[in-house]
Amino acid sequence: MSAGIDLLSFYTSHYYLDLAALAAVRGIDPRKYTVGIGQARMAVLPPDEDVVTMAAAAALPIVRRVDPDDIELVLFATESAIDQSKAAGIFAHRLLGLPSRCRSVELKEACYSATAALQLAVAMVRGTRRKALILASDVARYELGILGEPTQGCGAIAMLVSDAPRLLAIDPESGLHTEDVMDFWRPNYRGEAVVDGKYSARVYLNALARTWEHYHAQTGRGFDDFHRFCYHVPFTRMAEQAQARLAKLCGREDLAADALAAQVADTLHYARATGNSYTASLYVGLASLLDHAPDDLAGRRIGLFSYGSGCSAEFFSAVVQPGYRAHLFTAQHRRMLAERTPLTYQQYEDIFHLPLPTDGRSLQIAQYRTGPFRLAGMSEHKRLYEHAA
Ligand code: HMG
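Basis of the calculations
- Residues numbered from 1 in each chain as written.
- Predicted model: local features only at pLDDT ≥ 70, side-chain atom pairs only at ≥ 80, totals over all residues.
- Heavy atoms only, no water.
- Salt bridge = Lys/Arg side-chain N within 4 Å of Asp/Glu carboxyl O.
- Helix = DSSP H or I, 4+ residues; strand = E, 2+ residues; numbered from the N terminus.
- Buried < 20%, exposed > 50% of the residue type's maximum accessible area, 1.4 Å probe, protein only.
- Pairing = 2+ DSSP bridges.
- Contact = heavy atoms within 4.5 Å.
- Axes fitted to C-alpha atoms, helices over the stretch in contact; angles between N-to-C directions.
- Near = heavy atom within 4 Å.
- Polar contact = N/O pair within 3.5 Å; in protein donor to acceptor, adjacent residues only side chain to side chain.
- 1 Å grid on protein atoms, 1.4 Å probe; cavity = no way out; pocket = protein on both sides within 12 Å on 5 of 7 lines; lining within 4 Å.
- Sits in = over half its atoms within 2 Å of the grid points.
- Nonpolar A, V, L, I, M, F, W, Y, C, P; charged D, E, K, R; others polar.
- Core = buried A, V, L, I, M, F, W, Y, C linked by side-chain atoms within 4.5 Å.
- Phe/Tyr/Trp six-rings, centres within 6.5 Å; stacked < 30°, edge-to-face > 60°.
- Lys NZ or Arg CZ within 6 Å of the ring centre and 35° of its normal.

Residues and numbers for the pattern of salt bridges, please.
Applying the stated rule across the entire model yields 21 salt bridges. Between Asp 171 and Arg 301 there is a salt bridge; the shortest N-O distance is 2.8 Å. Highlighted residues: Asp 171 in strand S8 (residues 168–178) and Arg 301 in strand S12 (residues 301–308), separated in sequence by 130 residues. Given the relative accessible area of 10%, Asp 171 is considered buried. The exposure class of Arg 301 is partly exposed, given its relative accessible area of 22%. For Lys 382, the salt bridge goes to Glu 380, with nearest N and O atoms at 4.0 Å.

Structure (structure tokens):
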């Protein structure tokens, strides 16, 4: 019995900062960003959008293609939570007009939790007609001027999970790794993450090795059993480094750096143009792969590595389904990215510093370019969402 990803949709902000503009202000050689970390632009979220509006925007094309009454579970994965009690998915559930006979919860473990959501959903739908909607949505935010700044970004993924998946059937085996480390975290009183950047990259690669060993022990599969690999992408060079590390672990040091980079290249187009999207990142990479791969991936096995700082990680795999291309949102994704508006450095910094009230007073937020939903304001500690005009 197969279960897996039936539909997959990606959404990001209509605004971005070109990293050449950031490099000029920071007095850094722009090639450090474009080549060294492999990023071109970072998506900047306007004040009238948040993780709810992004997630609902990602999900809308999916909800329009299925019977919403079949959706019995909404799992919202994020590390940019807007409330300590209420699940962000409940706001999205209303905006999307989903049925009230539905479960809705939020999950957290840095960038990893969307994968936990996917595995929980697969277990729930297997052998049934039930469907689950996974929303993964985040704003990656560091302090201005620190090394992590050019890896900021934002984005959301919506995935419909079903027992007859039209895109990818998830294999039952998983390699797992959890370890208490302080590589990246955000205490409740902070708006920006605290990060030990170089250490985080080492922990990421170590987690890749541990999860691969566990996965390999269960399946016996090796490097050449995968047609492509898809990684969590904090910045695109990290995925290329991960691919080189995995090849080494599997005894394929003979593969040239260019050949290894080519095996992940199609997964990186959207991340290079948007930056880190934390929980959504691995699945933004998957959408990029399905939208860009020139060869027919049907019947091919893809290796996926999910990493969340702190840390929890998983290596798993999936087989692309016949006819998958007919069920992609490729044109929509490309149009969204092509029609974005560049910001000046000053506009980026102004948006960065715009606060939302924390004392319950009312605020109406100016209208920016958004997707189908916007955060209209706040009143009495409540977020007020509306359909965008
Ligand atoms: P950095 O200052 O960019 O590091 O910070 P660097 O000085 O090592 O430079 C990076 C690369 O640029 C190097 O290449 C340089 O040689 C090269 P490499 O040795 O890696 O091949 N370089 C240049 N190339 C061309 N022209 C030049 C030039 N100058 C230098 N002129 C760091 C990198 C990762 C520390 C920083 O970006 C950071 O702190 N990022 C945030 C943390 C992060 O993304 N960690 C990744 C792993 S943890 C993770 O993925 C989880 C996360 O998503 C959070 C979550 O789970 O929720 C972050």
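A description of the sheet that holds strand S2 (residues 15–18) should follow, citing residues and the corresponding values.
In spatial order, the strands read S3-S2-S14; together these three strands make up an open sheet with mixed pairing. Only two strands of the sheet have a single partner each, and these edge strands are strand S3 (41–44) and strand S14 (341–342). Packed onto the sheet, helix H1 (residues 19–26) meets S2 and S3 and runs at close to 50 degrees relative to S2. Where helix H12 (residues 345–353) meets the sheet, it contacts S2, S3 and S14, and its direction lies at approximately 40 degrees from that of S3.

Quick one: what's the story with the site of the ligand, residue by residue and with numbers?
Around the ligand, 28 residues are found, and the nearest of them are Lys 32, Glu 79, Cys 111, Ser 200 and His 232. Within the contact set of the ligand, an oxygen atom lies 3.0 Å away from a side-chain nitrogen or oxygen of Asn 276. If you map the ligand onto the pockets, it falls in the second largest pocket. Sort the elements by how many residues they give to the shell around the ligand and helix H6 (residues 197–219) lands first, with five residues. Considered class by class, the residues forming the shell around the ligand number twelve nonpolar, ten polar and six charged.

How would you summarise the pairing of strand S13 (residues 312–320) if you had to cite specific residues and measurements?
Within S13, nine of the nine residues are buried, which leaves it mostly tucked inside the rest of the structure. The alternating pattern of S13 places Ser 312, Glu 314, Phe 316, Ala 318 and Val 320 on one face and Ala 313, Phe 315, Ser 317 and Val 319 on the opposite face, and all of these are buried. Relative to S13, S8 is paired through eight bridges, and the arrangement is antiparallel. Bridged to Leu 168 within S13 is Val 320. In the sheet, S12 pairs with S13 via eight bridges, with the strands oriented antiparallel. For Gly 308, the partnering residue across the bridge sits in S13 and is Ser 312. In this antiparallel pair of consecutive strands, S12 and S13, the connection spans three residues, and Gly 310 shows a positive phi of 125 degrees.

Now, about unusual backbone geometry: what can you tell me, with residues and values included?
For the peptide bond that leads from Gly 310 to Cys 311, omega is 0 degrees, which places it in the cis range. When you line up the elements, Cys 311 lands in the loop between S12 and S13. Within the chain, Tyr 278 stands out as a residue other than glycine whose phi angle is a positive 45 degrees. Accessibility expressed as a relative area gives 4% for Tyr 278, which makes it buried.

Please give an account of the nonpolar core that cites residues and values.
By size, the foremost hydrophobic cluster in this structure holds 82 residues, and its most contacted members are Leu 8, Leu 96, Leu 133 and Tyr 283. Considering every element that reaches this core, the biggest residue donor is helix H3 (residues 51–63), with eleven residues. Filtering out sequence-adjacent residues up to four positions away, Leu 96 remains in contact with Ala 56, Ala 59, Leu 60, Val 63, Leu 133 and Phe 373. In this structure, Leu 208, Met 238, Phe 305 and Tyr 345 belong to the second largest nonpolar core, which totals 43 residues.

Break down the packing of aromatic side chains for me, citing the residues and quoting the values.
Taken as a whole and assessed by the stated rule, the structure comprises 20 aromatic pairs. Seen from their ring centres, Phe 223 and Phe 229 are 5.0 Å apart, and the 25 degrees between their planes marks the pair as stacked. Looking at Phe 229, the relative accessible area reads 1%, which means it is buried. These aromatic residues form a ring-pair network of at least three members: Tyr 204, Trp 212, Tyr 215, Phe 223, Phe 226, Phe 229, Tyr 231, Phe 305, Tyr 307 and Phe 315. Looking at Lys 86, its charged tip hangs above the ring of Phe 91, at a distance of 4.3 Å from the centre. When the ring centre of Phe 352 is taken as origin, the NZ or CZ atom of Arg 141, which lies over that ring, is 3.9 Å away.

Honestly, that's just the spatial picture; any functional story needs more than this.
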